[in-house]
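Residue-level structural notes
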Amino acid sequence: MSPDPKARIAARAALELGPGEVVNLGIGIPNLIPAFLGPEMGVVLHTENGLLGVGPRPDADELDPDLIDAAKQPITALPGAAYFDSASSFAMIRGGHVDVAVLGALEVSAAGDIANWAVPGKDVLGVGGAMDLVVGARRVIVTMTATSSRGQPKVVAECTYPLTAAGAADIVVTELSVFRLVDGELRLTELLDGATVDDVAAVTTAPFVVALEESHVG
Amino acid sequence: MTATLTTAAEAVSAIRSGDTVMVGGFGLVGAPLTLIDALVEESDATDLTIVSNNIGEPGRGLGKLLRQGRIRRGISSYFTSNPEAVAAVNAGEIEATLVPQGTFAEAIRAGGAGIGAFFTPVGAGTQLAQGKEERVIGGVRHVLEAPIHADVALVYAARADTLGNLWYRRTARNFNPLMATAADVTIAEAGEILEVGELEPESVVTPHIYVDHLVAAA
């Protein structure tokens, strides 16, 4: 098992993706997920700057200046890929044609509210496609460490940072656990890597229900 | 109407102080860099409102125009890719309108398509919807968004024919076909300018009626 918590989060999140699903991966931990998707799964990756059918990162001799993902990093396109303009790309997203959005967050609340675009006092001024993705994708998976770099809990009773969308999260994967939002309730459904309910509770300020299911990973 | 083949300097002379100028590209990919350089070097137009997904990068693309202090306002989804733009906003030197990327694309599409306004669920209940009219449609909060129209659009296409039909390459398409429709005057920069008949009609993404001036990329 990878010692890097972010890679472990990505590996666990990859198990949530079904064969043939259309998936948009955000910047950060979600971008680690392709390493854990076998080609036999047939997951189709969408990037909102205008490509369905994203392939692996190119080798240095395959770099194409006209071919990037939404993180502005070089990519390749798989056979069967399609290019489209930005309005078509977001029509796919809002229209419910993208099955899953996986994205990082600063905070997720007990009600599934997501805050991931603005940090008051920091020099960031951008929302990109985050609001469109969390509203439009049929399933929203948040991948993040359980606490911030300053040790603050990130699964919280109420978001303190500006919202990306209210009630949008379906699944939250951290290095300690998996939470699911079901019927307006935040459920702890899986403990990861030997974590206990107490370990999770110690870094979670959101109220949650313990509803453990069979683990996906040893 | 047929596009006139002209120089970059002559084409950007259509831009007047106080104008709203759309500029294609996702970051620098698909950005009309020859036209931007002409605007920077050959034009005195200032007090500009720039509609572009990003305000270039530091000292590159629209980042050059920013350094000249000629941008009064930016309408974008992601200023963060140019920290100098974020700093200029924080210092009160330019006004920023931050728009979710899908709403940004759709507003430009609507601006070119004669749509008066549209309701979208994206952004409802967030800071970016403050002050905007809302309506509950199908039980879901929606925000009323206005179309975006410009005085001049600067777009990039890998290929054009001398009529002004445009063909885009890979993810360099992005906002370019939308912006080509949404301005009083559209100036297209093309990597390659072909004779009429050399572009397959089915492969034309922007029909020539949208293009007023055609400039060869440097």
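Quick caveat, the model's predicted, so the values are computed rather than measured.

Here we come to the overall build of chain A. Scanning chain A from terminus to terminus reveals 4 helices and 13 strands. For a compact globule of 218 residues, the expected C-alpha radius of gyration is about 17 Å, and chain A comes in at 17 Å, within 12% of that figure. Counting only C-alpha atoms and orienting by the principal axes, one finds that chain A spans roughly 50 × 40 × 30 Å. By residue count, 49% of the 218 residues in chain A fall in the buried class.

We now examine the nonpolar core. One finds A:Val134, B:Met22 and B:Ala153 to be the most contacted residues of the largest nonpolar core, which totals 138 residues. Among the elements that take part in this core, strand β9 (residues 150-161) of chain B stands out by supplying 8 residues, more than any other. Among all residues touching A:Val134, those that are not within four sequence positions of it are A:Ala101, A:Ile114, A:Val140, A:Thr164, A:Ala165 and A:Ala168.

On to the confidence of the model for chain B, then. In low-pLDDT segments, the atomic positions of the prediction should not be examined closely. Residue and element names in this part refer to chain B. The predicted model of chain B has a mean per-residue pLDDT of 97, with 100% of residues at 70 or higher. The element-level mean pLDDT for chain B is lowest in strand β1 (residues 4-5), coming to 94, with helix α6 (residues 176-181) highest at 99. Overall fold confidence for the complex sits at a pTM of 0.97, while the interface term, ipTM, reaches 0.97.

A word on the pairing of strand β1 (residues 22-25) of chain A. All names here are of chain A. Here β1 pairs with strand β2 (residues 44-47) via 3 bridges, running parallel. Note that in β2 the partner of Val-23 across the bridge is Leu-45. Where β1 meets strand β5 (residues 100-103), 3 bridges bridge the pair, whose relative direction is parallel. What sits directly across from Leu-25, in β5, is Val-102.

The subject of this paragraph is the environment of A:Ala10. By the element assignment, A:Ala10 lies in helix α1 (residues 5-14). Every residue in contact with A:Ala10, bar those within four places of it in the chain, is listed here: A:Ile29, A:Leu32, A:Ile33, A:Phe36 and A:Thr143.

Once that is clear, we can look at unusual backbone geometry. Of note in this structure, A:Asp183 is not a glycine but carries a positive phi near 50°. Within the secondary structure, A:Asp183 is located in the loop between β11 (177-182) and β12 (185-191). The class for A:Asp183 is exposed, based on 5 C-beta atoms found within 10 Å. Phi at B:Arg170 takes a positive value of approximately 50°, unusual for a residue other than glycine.

Residues and elements named next belong to chain B. Spatially, the 3 strands line up as an open sheet ordered β6-β8-β7, and their pairing is antiparallel. The strands lining the two open edges of the sheet, one partner per strand, are β6 (118-120) and β7 (134-137). Averaged over all pairs of adjacent strands, the angle between their axes in this sheet comes to 40°, without regard to strand direction. Relative to strand β8 (residues 140-145), β7 runs antiparallel, the two being bridged by 4 bridges. Paired with Ile-137 across the strands is Val-140, a residue of β8. The strands that helix α5 (residues 101-113) touches are β6 and β8; relative to β6, the one it contacts most, it runs at about 165°.

Moving on: the interface of chain B and chain A. Across the boundary between the two partners, chain B contributes 37 residues, which contact 32 residues of chain A. Those elements that place two or more of their residues in the side of chain B that touches chain A are α4 (83-90), β5 (95-98), α5 and α6 of chain B. Looking at the side of chain B that touches chain A residue by residue, the class counts come to 19 nonpolar, 13 polar and 5 charged.

We now examine the environment of A:Ala13. Residue and element names in this part refer to chain A. Relative to the helices and strands, Ala-13 resides in helix α1. Taking the C-alpha atoms as reference points, Ala-13 and Thr-143, 130 residues apart in sequence, are found 7.2 Å from one another. The contacts of Ala-13, once residues within four sequence positions are left out, are Ile-33, Val-102, Ile-141, Thr-143 and Val-173.

Criteria and thresholds
Residue positions are given per chain, counting from 1 as you read along its sequence in written order. As they are written, the chains are lettered A onward and the ligands numbered 1 onward, keeping that order. Only residues with pLDDT of at least 70 are given local features in this predicted model, and only at 80 or more are side-chain atom pairs given and counted; all residues enter the totals for whole chains, interfaces and linings. Helix and strand labels come from DSSP, where a helix needs a run of H or I of at least four residues and a strand needs a run of E of at least two; each type is numbered from the N terminus. Throughout, radius of gyration means the C-alpha value; the globule benchmark is 2.2 Å times the number of residues raised to the power 0.38. Once C-beta atoms are placed from the backbone, each residue is buried if 20 or more other C-beta atoms lie within 10 Å of its own, exposed if 12 or fewer, and partly exposed for counts between those two. For our purposes the nonpolar core covers buried Ala, Val, Leu, Ile, Met, Phe, Trp, Tyr and Cys residues that link as a set through C-beta atoms within 7 Å. We call two residues in contact if the C-beta atoms placed from their backbones are at most 7 Å apart. Scored between 0 and 100, pLDDT is the confidence that the predictor attaches to each residue. The rule for pairing is simple: two strands pair if DSSP sees at least two bridges between them. Helix axes are fitted to C-alpha atoms over the stretch in contact, other axes to C-alpha atoms as well, and angles between N-to-C directions run from 0 to 180 degrees. Note on residue categories: nonpolar means Ala, Val, Leu, Ile, Met, Phe, Trp, Tyr, Cys or Pro, charged means Asp, Glu, Lys or Arg, and polar means any other residue, Gly included.

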